[in-house]
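Commentary on secondary and tertiary structure
As a plain string of letters, each chain reads:
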Amino acid sequence: MSFYNGFLHLTNWLGNVIMPTMAGLLFAVAIVRYSKGYPWNYSMWAAVAALCVSGLLRAMETFSSQLAWNDPDLVWNALLNLINWVGNVFLPVYAGSQVVLAAATYVNVGHWMPGSAWLRHLTAAGLCLLASGVLRLAEFFVTNGTSGV
Amino acid sequence: MAASQCLAPRGEVKEMTNPPMLEDISRLLLALAAPAALLCLLLAGIALRREGGTNFSLGGGFSRWMFWTVVFITLPQLLSWFPSFGVPATPPSGGIGIGWMASVAADLTNFVTNFVVNRLAPVLAAFFVLRAVLDVADGSSPLGSVIAAMFLLSIPSTASLLRGWNNSTPNATADVLAALWTYVVSQILPIAAGLAIIAAIWAFWQNRRWMHYIAAAGGFLMVAALWQLIRRMMV
């Protein structure tokens, strides 16, 4: 029994077993909060992040391993890589989502989505019945989105 | 101890050997260095519960007991500095001659290995796991207790790891500490980065501060580069 093995297996168990399982619960919490009109974004994004703990760690390792491990410029280079990724990968995707939201707002979807209780409850009912499907969809996106970094 | 010299009555130099009992006491104390190192590791594990988790108290109980563990493991190499100070402190060779002293050394080593390390430390680790559950009930993180339990369960392998870094030179104490730093930075902290990301996700979900966990994960992955950066700034 070595401390290294214990620590490694603890992290693997938490990151690859417990957190993906908790993602289902976090999605359920997000749906329930949505149905009540509470802020639900944190739960939903936490669920997505819980599905990709290993991916997030690999991303951070990629940012911080573009130079030799003992190169003093590695700290600056890691920050540069992070900012490049945010600017060249994240922001273009975010721009796409903003265009979609702009179009939805233009056709007045923005008025009846948060304002109409009947539609929110109806959507929540659908999401409750599709909870497993939503989780599988998120897993699909995470599994197939490994080329982002 | 090395043979010392004294003046005989007629003026000629005469060799005087050290009393065998004193040499056996030296051998006994040196033989007890290994079990003392194991005891220090046990106390380090207990201190890790108080100071572990996201806290590391430099100069606190854990680092102090780890330092003494390294000192006991490299004691013969540390003693080899004394002749250069003019103090003849060469460790005596051979086994303990006096029967009861050899028996005391063997019994104490057996006690520490079989009772303290193989029996008592796993029981303490089990209590720390119990404590981890109580930590959760208390609303605090169970990580400190779990890591302390793992440390206690791995005392024999940690001791052999430290012994493996002993290069038997007079600088062995510093070299083992340097190897320990390298091991923690290159092996343990990259895994801790994964734990930091999990903590960040958990804090984000609870709408608490989470960016410092992400920064910590990045820092865990770049400690060696930070060290080089600080060194470069000093030039």
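The structure displayed is predicted, hence computed values, not measured ones. (Residues numbered from 1 in each chain as written. Chains lettered and ligands numbered in written order. Predicted model: local features only at pLDDT ≥ 70, side-chain atom pairs only at ≥ 80, totals over all residues. Heavy atoms only, no water.)

Some remarks on the overall build of chain A
Stated formally: Helix and strand definitions here come from DSSP, where helices need a minimum of 4 consecutive H or I residues and strands a minimum of 2 consecutive E residues; each element is numbered from the N-terminal end. Atoms considered for the radius of gyration are the C-alpha atoms alone. The globule rule reads 2.2 Å times the number of residues to the power 0.38. Each residue gets one of three labels from its accessible area relative to the maximum for its type: buried under 20%, exposed over 50%, partly exposed in between, using a 1.4 Å probe on protein chains only. Any pair of residues with heavy atoms lying within 4.5 Å of one another is described as a contacting pair. Note on areas: Shrake-Rupley, 1.4 Å probe, and residue coverage restricted to the protein chains presented here. Charge counting follows a simple rule: Lys and Arg are positive, Asp and Glu are negative, and His as well as the terminal groups are ignored. We put the charge of a Lys on NZ, of an Arg on CZ, of an Asp on CG and of a Glu on CD.
The helix and strand tally for chain A stands at seven helices and zero strands. Ordering the α and β elements of chain A from the N terminus gives α-α-α-α-α-α-α. Rg of the C-alpha trace for chain A: 19 Å, well past the compact-globule value of 15 Å for 149 residues, more than 25% over. Taken along its principal axes, the extent of the C-alpha atoms in chain A is 60 × 40 × 25 Å. Evaluated residue by residue, chain A yields a buried proportion of 26% over its 149 residues. Excluding contacts between residues fewer than 6 apart, the proportion of contacts in chain A whose partners are at least 24 apart in sequence is 55%. For chain A, the exposed area adds up to about 9400 Å²; of that, 70% sits on carbon and sulfur atoms. With 5 positive and 4 negative side-chain charges, chain A shows a spacing of 29 Å between the two charge centroids.

Observations regarding helix 8 (residues 172-205) of chain B
All names here are of chain B. The condition that has to hold: Multiplying 1.5 Å by the helix residue count minus one yields the expected span of that helix. For a residue, the bend is simply the angle between two axes, fitted respectively to the seven-residue segment ending there and the seven-residue segment starting there.
The terminal C-alpha atoms of helix 8 lie 47 Å apart, and with 34 residues this matches the ideal 50 Å at 1.5 Å per residue to within 8%. Within helix 8, the axis deviates most sharply at L189, by approximately 40°, and proline P190 lies no more than four positions further along. Positive phi shows up at N207, right after helix 8, with a value of about 60°.

Examining the side chain of T69 of chain B
Residues and elements named next belong to chain B. On the secondary structure map, T69 appears in helix 3 (residues 61-73). Of the residues examined, T69 reaches a relative accessible area of 0% and is grouped as buried. Ignoring anything within four residues of it in the chain, the contact list for T69 reads A37, C40, L41 and L162.

What about the interface of chain A and chain B?
Our working rule: Buried area is understood as the total, over both parts, of accessible area removed when two parts are fitted together, assessed with a 1.4 Å probe. Should a side-chain nitrogen of Lys or Arg be within 4 Å of a carboxyl oxygen of Asp or Glu, the pair is scored as a salt bridge.
The interface of chain A with chain B comprises 34 residues on the first partner and 35 residues on the second. Buried surface at the junction of chain A and chain B, summed over both partners, amounts to about 3200 Å²; 85% is from carbon and sulfur atoms. On the chain A side of the interface with chain B, the three residues burying the most area are F3, F7 and Y42 of chain A, jointly 22% of the side's total. Put simply, chain A and chain B have zero salt bridges between them.

Some thoughts on the environment of A78 of chain A
As for its position among the elements, A78 of chain A is in helix 4 (residues 74-106). The exposure class assigned to A78 of chain A is buried, which follows from its relative accessible area of 7%. Here the alpha-carbon distance between A78 of chain A and E61 of chain A, two residues 17 residues apart in the chain, equals 9.1 Å. When sequence neighbours within four positions are dropped, the list of residues in contact with A78 of chain A reads F63 and S64 of chain A together with M222 of chain B.

Details of the confidence of the model for chain B
Do not read the predicted coordinates in detail wherever pLDDT is low. Residue and element names in this part refer to chain B. What counts here: Scored from 0 to 100, pLDDT records how confident the predictor is in each individual residue.
Here chain B averages 85 in pLDDT, while 90% of its residues score no lower than 70. Model confidence for chain B, summarised as mean pLDDT per element, is weakest for strand 1 (residues 4-7) at 52 and strongest for helix 7 (residues 155-164) at 92. Predicted complex, confidence summary: ipTM 0.75, pTM 0.78.

Looking at the packing of aromatic side chains
Our working rule: The rule is short: rings of Phe, Tyr and Trp, with Trp giving its six-membered ring, pair when the centres are within 6.5 Å, and they are stacked under 30 degrees, edge-to-face over 60, tilted in between.
Under the counting rule described, the total for this entry stands at 15 aromatic pairs over all chains. Ring-pair connections join several aromatic residues into one group, and the members of that group are F3 and F7 of chain A together with F62 and F151 of chain B.

Thoughts on the pattern of salt bridges
If you walk through the whole model with that rule in mind, you get five salt bridges over all chains. Across the pair E61 of chain A and R58 of chain A runs a salt bridge whose closest N-O atoms are separated by 2.8 Å. Here E61 of chain A pairs with R58 of chain A, and both are found in helix 3 (residues 53-63), just three residues apart, close to one helical turn. Since its relative accessible area comes to 24%, E61 of chain A is described here as partly exposed. Using a relative accessible area of 44% as the deciding quantity, one classes R58 of chain A as partly exposed. The shortest N-O distance in the salt bridge between D135 of chain B and R49 of chain B comes to 3.2 Å.

Observations regarding the nonpolar core
Residues and elements named next belong to chain B. Definition in use: By nonpolar core is meant a set of buried Ala, Val, Leu, Ile, Met, Phe, Trp, Tyr and Cys residues that side-chain atoms within 4.5 Å join together.
Ranked by size, the top nonpolar core spans 66 residues in total, and within it M66, F151, I155 and L162 carry the most contacts. For this core, the element with the most residues is helix 8, which contributes 15 residues. When sequence neighbours within four positions are dropped, the list of residues in contact with I155 reads L38, L41, L42, V117 and A121.

Topic: helix 2 (residues 33-51) of chain B
It helps to recall that an α-helix has 3.6 residues per turn; residues three or four apart then point in one direction. With 19 residues, helix 2 of chain B should reach 27 Å at 1.5 Å per residue; the first-to-last C-alpha distance of 26 Å fits that figure. Counting buried residues in helix 2 of chain B gives 14 out of 19 residues, a clear majority hidden from the surface.

Looking at unusual backbone geometry
Residues and elements named next belong to chain B. Its identity is not glycine, yet S168 carries a phi of approximately 60°, on the positive side. Mapped onto the elements of the fold, S168 is located in the loop between helix 7 and helix 8. On the accessibility criterion, S168 (54% relative accessible area) is exposed. Backbone geometry places N207, a non-glycine residue, at a positive phi of 60°. Positionally, N207 belongs in the loop between helix 8 and helix 9 (211-221).

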